[in-house]
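Next come the chains, spelled out residue by residue.
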Amino acid sequence: SPAERELWPQGHNKITRDALSPYLTSEQLDNVYEGHILADQNQEPENSHIHAMLEPNSTYLQGIEKMRNYFVSKMVSFLSTNNYVTLGEALHCIQDAYSPPHNFKYWDGSIWSYIPHVFEGILPLCTERESAVNATREVYQNVVNSDGSNESIENIFDEWLEGYDN
């Protein structure tokens, strides 16, 4: 199934390790990757925000609001439980935003929506991957240095979104 494959060259695992290996242990990084795998199991259109995509008949702003709420919920949970799987779930939407087939496009769950993902593993996406690494690192650092409140995590998401340029 598409959810079980690493379609983006080097995948979420490589992006996460490149971004966070100076800060996390190997076991913590493995747990973050498990969070990415869990996030990728949610492929229903109503969960498009988990992948920086939009569900049919929604607006960009509605998708961003759902993505923000998801990100904040997962990050607040990570900070209160120290569960690195939850950190991976939170970072998943940030990393997916840099994947050209995602990038806030509409997702209806059909094979036609999936076809652009096939080319993800073929096309050279070095710039986007590096942007995903940098965003992952910056968001992580900002979150762990925050006071952990919903408001501060919302602000971190909004700052990331302001700097997002795809």
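1. Considerations on the pattern of salt bridges
And step 1. For the coordinates displayed, the defined rule picks out seven salt bridges.
And step 2. For Glu65, the salt bridge identified is with Arg68, shortest N-O distance 2.5 Å. Placement of both Glu65 and Arg68 in helix α3 (residues 60-81) is noted, with a separation of three residues, approximately one turn of the helix.
And step 3. By relative accessible area, which is 37% here, Glu65 ends up partly exposed.
And step 4. Taking the shortest distance from any N to any O, the salt bridge between Lys74 and Glu89 comes out at 3.4 Å. Taken together, the positions of Lys74 in helix α3 and Glu89 in helix α4 (residues 84-96) put the pair 15 residues apart, joining distant regions of the chain.
And step 5. Among the residues examined, Lys74 registers a relative accessible area of 22% and is labelled partly exposed.
And step 6. Classification of Glu89 as buried rests on a relative accessible area of 13%.
And step 7. A single network of salt bridges, built from pairs that share partners, joins Lys14, Asp18 and Arg129.

2. With respect to the environment of Tyr23
And step 1. For Tyr23, the location among the structural elements is in the loop between α1 (11-20) and α2 (26-40).
And step 2. Take Tyr23: its relative accessible area is 36%, and that puts it in the partly exposed class.
And step 3. As a C-alpha pair, Tyr23 and Arg137 span 114 residues in sequence and 9.4 Å in three-dimensional space.
And step 4. Not counting residues within four places of it along the chain, the set of residues in contact with Tyr23 comprises Gln28, Arg137, Tyr140 and Gln141.

3. Notes on the packing of α2 against α4
And step 1. It is the contact of α2 with α4, at a shortest axis distance of 6 Å, that shows an interaxial angle of 60 degrees. Regarding the angle of α2 to α4, the classification is oblique. In this structure, the crossing between α2 and α4 has a hand that is right-handed. For the pair formed by α2 and α4, the contact residues are Gln28, Asn31, Val32, Glu34, Gly35, His36, Leu38, Ala39 and Asp40 on the first element and Tyr84, Val85, Leu87, Gly88, Glu89, Leu91, His92 and Gln95 on the second.

4. Side note on α2
Each α-helix turn comprises 3.6 residues. Residues three or four places apart therefore point the same way.
And step 1. With 15 residues, α2 ought to run about 21 Å at 1.5 Å a step, and its terminal C-alpha atoms sit 21 Å apart, in line with that.
And step 2. Contacts from the buried residues of α2 go to α1, α3 and α4.

5. Here we look at the packing of α3 against α4
Each pair of packed helices can be described by the angle between their axes along with the distance between the axes.
And step 1. Where α3 contacts α4, the two axes come as close as 8 Å, and the packing angle between them is 155 degrees. Our classification of the angle between α3 and α4 gives roughly antiparallel. In the crossing of α3 with α4, the sense of the turn from one axis to the other is left-handed. Facing Met67, Tyr70, Phe71, Lys74, Met75, Ser77 and Phe78 of α3, the residues of α4 in contact are Tyr84, Thr86, Leu87, Glu89, Ala90, Leu91, Cys93 and Ile94.
And step 2. Classifying every residue of the contact of α3 with α4 gives eleven nonpolar, two polar and two charged.

6. What about the environment of Lys74?
And step 1. Sequence separation of Lys74 and Glu89 is 15 residues, and the distance between their C-alpha atoms is 6.8 Å.
And step 2. Leaving out residues up to four positions away in the same chain, Lys74 has contacts with Thr86, Glu89 and Ala90.

7. With respect to unusual backbone geometry
And step 1. A positive phi angle, near 55 degrees, is found at Ala52, a position not held by glycine.
And step 2. Here Ala52 shows up in the loop between α2 and α3.
And step 3. A positive phi is found at Asn57, a non-glycine position, where the angle reads about 65 degrees.
And step 4. Positionally, Asn57 belongs in the loop between α2 and α3.
And step 5. Owing to a relative accessible area of 81%, Asn57 belongs among the exposed residues under this scheme.

What counts and what doesn't
Residues numbered from 1 in each chain as written. Predicted model: local features only at pLDDT ≥ 70, side-chain atom pairs only at ≥ 80, totals over all residues. Heavy atoms only, no water. Salt bridge = Lys/Arg side-chain N within 4 Å of Asp/Glu carboxyl O. Helix = DSSP H or I, 4+ residues; strand = E, 2+ residues; numbered from the N terminus. Buried < 20%, exposed > 50% of the residue type's maximum accessible area, 1.4 Å probe, protein only. Contact = heavy atoms within 4.5 Å. Axes fitted to C-alpha atoms, helices over the stretch in contact; angles between N-to-C directions. Parallel < 35°, antiparallel > 145°, perpendicular 65-115°, else oblique. Left-handed = near helix turned anticlockwise from the far one by under 90°. Expected span 1.5 Å × (residues − 1). Nonpolar A, V, L, I, M, F, W, Y, C, P; charged D, E, K, R; others polar.

Geometric descriptors of this kind do not, in isolation, establish any biological role.
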